[in-house]
Amino acid sequence: AEHFVSQSAFVTQNDGCASDLDTVIRLEELDDGLAELAAKVGKVQSCDMGDSNSASNKPGGLPSESATMEILKQTPSLMKDICMIYAQDFICFDYELPSECEGLF
C-alpha cells in the first residue's frame, strides 16, 4: 500500500500543512538536483547515489516502463485510477498528465 502514496503526501508528512520548499529533486534528475541542493547550502556534491532500485536488482525483474504504459493504455480505468492516486504529484511537481487522464482534474 505504501507504493500508492503520492510524493506530495510524503512532503506534507501526510498530516497538516506542508512547510515551504525551496528545492524539489526529481528522481529522474537526481544528480543535478543533489548538486543544486549542495550549492544552496554551500557544499559540493561528493556522493554518487548509484542505481540500486532497478529491474536488474529485483527478483524476477520488472516490466519496462514502455511495457507498463502499454498495459495501462489497454486498461483505461486502471490508468485513470493511477492518475487520481497521483493527481497531487502531477499538479504539484509539474509532471505531464497521460492523455488518457486529461480532464479528470
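Report follows, based on the coordinates. Computed from a predicted model, the values in this text were never measured in an experiment.

Another point: a nonpolar patch on the surface. A grouping of M84, I91, L104 and F105 is seen on the molecular surface, where their side chains present a nonpolar patch of about 380 Å² in accessible area. Within the secondary structure, I91 sits in helix 5 (residues 87-92). Given a relative accessible area of 57%, I91 falls into the exposed group.

Summed over the entire model, instances satisfying the criterion amount to one disulfide. For C83, the disulfide goes to C101, at an S-S distance of 2.1 Å. Of note, the bridge from C83 to C101 carries an S-S torsion of about 80° and is right-handed in sense. Here the residue C83 occupies a position in helix 4 (residues 76-85), and C101 occupies one in the segment after helix 5, the gap between them amounting to 18 residues. Given the relative accessible area of 0%, C101 is considered buried.

For the structure shown, the criterion picks out zero aromatic pairs. Over the aromatic face of Y95 sits the side chain of R26, whose NZ or CZ is 4.0 Å from the ring centroid.

Before going further, it helps to spend a moment on the environment of D20. Within the secondary structure, D20 is located in the loop between helix 1 (7-11) and helix 2 (30-40). The class for D20 is exposed, based on a relative accessible area of 80%. Note: C-alpha distance between D20 and K40 (20 residues apart in sequence) is 15 Å.

Now for the side chain of D89. Along the chain, D89 falls in helix 5. Residues in contact with D89, not counting those within four places in the same chain, are S6, Q7, S8, D94 and Y95.

A few words on unusual backbone geometry. Its identity is not glycine, yet D94 carries a phi of approximately 60°, on the positive side. As for its position among the elements, D94 is in the segment after helix 5.

This paragraph deals with the pattern of salt bridges. Counting across every chain of the model gives two salt bridges. Salt-bridge contacts for R26 lead to E28; the nearest nitrogen and oxygen are separated by 3.6 Å. Among the salt bridges present, the one from E36 reaches K40, with a minimum N-O distance of 3.6 Å. Linking E36 with K40, this pair stays in helix 2, spanning four residues, or about one helical turn. The class of E36 is partly exposed, set by a relative accessible area of 40%.

Attention now goes to helix 2. Along helix 2, the positions that sit buried rather than exposed are G33, L34 and A38. Along the long axis of helix 2, the arc covered by the buried residues comes to 135°, so they all point the same way. Facing away from the buried surface of helix 2 by more than 90 degrees, the exposed residues are D32 and A39. Two residues or fewer past helix 2, G42 is found with a positive phi of approximately 75°.

The rules behind the values
Residues numbered from 1 in each chain as written. Predicted model: local features only at pLDDT ≥ 70, side-chain atom pairs only at ≥ 80, totals over all residues. Heavy atoms only, no water. Patch = residues over 30% accessible without salt bridge, like charges linked within 9 Å, V, L, I, M, F, W, Y side chains within 5 Å. Areas by Shrake-Rupley, 256 points an atom, 1.4 Å probe, with all protein chains shown as cover. Salt bridge = Lys/Arg side-chain N within 4 Å of Asp/Glu carboxyl O. Helix = DSSP H or I, 4+ residues; strand = E, 2+ residues; numbered from the N terminus. Buried < 20%, exposed > 50% of the residue type's maximum accessible area, 1.4 Å probe, protein only. Disulfide = S-S within 2.5 Å. Phe/Tyr/Trp six-rings, centres within 6.5 Å; stacked < 30°, edge-to-face > 60°. Lys NZ or Arg CZ within 6 Å of the ring centre and 35° of its normal. Contact = heavy atoms within 4.5 Å. Arc of directions from axis to C-beta.

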